[in-house]
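Listed below are the residues making up each chain.
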Amino acid sequence: MAKEGPFAGRTRRARASCPCHRRVDAVQLQPGDRVLLSTDGVTEAEAPGVTRFGQERFTDFIIRAIAAGEPAPEALRRLVNNILAYQDGHLTDDATILVFEWHPTRT
């Protein structure tokens, strides 16, 4: 079931003037599924004199981490270190990454 509406986290005034919309989907997670959320500061990270970190590099990193069977915390640690190294250790924009692995408890 998909819903559409203004971006979350924006002020009422910003929502009123922004034609941007987000899409919300419902997905049933299975044990071991991982969810990764990030802000544009991650993919738009720029190194001096080089292109942005980019969606392709970000996606490639995640796919390789999954294929290697890395635990979610280790994959996140390595991703953050990779982004920081790409920018010579200094972020030029706010960057947020959240990753979790679903392990439901039995009742």
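This text follows the structure it describes.
As the structure is a computational prediction, the values presented were derived from the model and not from experiment. (Residues numbered from 1 in each chain as written. Predicted model: local features only at pLDDT ≥ 70, side-chain atom pairs only at ≥ 80, totals over all residues. Heavy atoms only, no water.)

S.K.: Whenever I open this one, the side chain of Glu70 confuses me. Can you help?
M.R.: As for its placement among the helices and strands, Glu70 is situated in the loop between α3 (55–67) and α4 (72–86). Within the local environment of Glu70, its side chain forms a polar contact with the side chain of Arg78, the two groups lying 2.8 Å apart. (Helix = DSSP H or I, 4+ residues; strand = E, 2+ residues; numbered from the N terminus. Polar contact = N/O pair within 3.5 Å; in protein donor to acceptor, adjacent residues only side chain to side chain.)

S.K.: Would you mind showing me how to read a nonpolar patch on the surface here?
M.R.: Where nonpolar side chains cluster on the molecular surface, the patch consists of Leu37, Leu98, Phe100 and Trp102 and spans about 360 Å² of accessible area. One can find Leu37 in strand β3 (residues 34–38). A relative accessible area of 47% places Leu37 in the partly exposed class. (Patch = residues over 30% accessible without salt bridge, like charges linked within 9 Å, V, L, I, M, F, W, Y side chains within 5 Å. Areas by Shrake-Rupley, 256 points an atom, 1.4 Å probe, with all protein chains shown as cover. Salt bridge = Lys/Arg side-chain N within 4 Å of Asp/Glu carboxyl O. Buried < 20%, exposed > 50% of the residue type's maximum accessible area, 1.4 Å probe, protein only.)

S.K.: Can you walk me through the side chain of Gln87 in this structure?
M.R.: Its location among the elements puts Gln87 in the loop between α4 and β4 (97–101). When its relative accessible area of 4% is taken as the criterion, Gln87 is described as buried. Reaching out from Gln87, the side chain makes a polar contact with the backbone oxygen of Glu46 at a distance of 2.9 Å. Leave out the neighbours within four places in its chain, and Gln87 touches Ala45, Glu46, Ala47 and Thr92. (Contact = heavy atoms within 4.5 Å.)

S.K.: Which parts of the structure should I look at to understand the pattern of salt bridges?
M.R.: Oppositely charged side chains may form a pair once their charged atoms are brought near each other. All chains considered together, the criterion is met by 7 salt bridges. Of the charged contacts in the structure, one is a salt bridge between Glu46 and Arg52, with a shortest N-O distance of 3.2 Å. Residue class for Glu46 comes out partly exposed when judged on its relative accessible area of 39%. As a salt-bridge pair, Glu74 and Arg77 come within 2.6 Å of each other at their nearest N and O atoms. Placement of both Glu74 and Arg77 in helix α4 is noted, with a separation of 3 residues, approximately one turn of the helix.

S.K.: Teacher, can you tell me more about the packing of α3 against α4 here?
M.R.: Packed helix pairs are specified by the crossing angle of their axes together with the interaxial distance, meaning the distance between the axes. The N-to-C vectors of α3 and α4 enclose an angle of 150°; their axes lie 10 Å apart at closest approach. What the angle tells us is that α3 and α4 run roughly antiparallel. Crossing geometry of α3 relative to α4 is assigned as right-handed. Between α3 and α4, the contacting residues are Arg57, Phe58, Phe61, Ile62 and Ala65 on the first element and Ala75, Arg78, Leu79, Asn82 and Tyr86 on the second. Here the residues of the contact of α3 with α4 sort into 7 nonpolar, 1 polar and 2 charged. (Axes fitted to C-alpha atoms, helices over the stretch in contact; angles between N-to-C directions. Parallel < 35°, antiparallel > 145°, perpendicular 65-115°, else oblique. Left-handed = near helix turned anticlockwise from the far one by under 90°. Nonpolar A, V, L, I, M, F, W, Y, C, P; charged D, E, K, R; others polar.)

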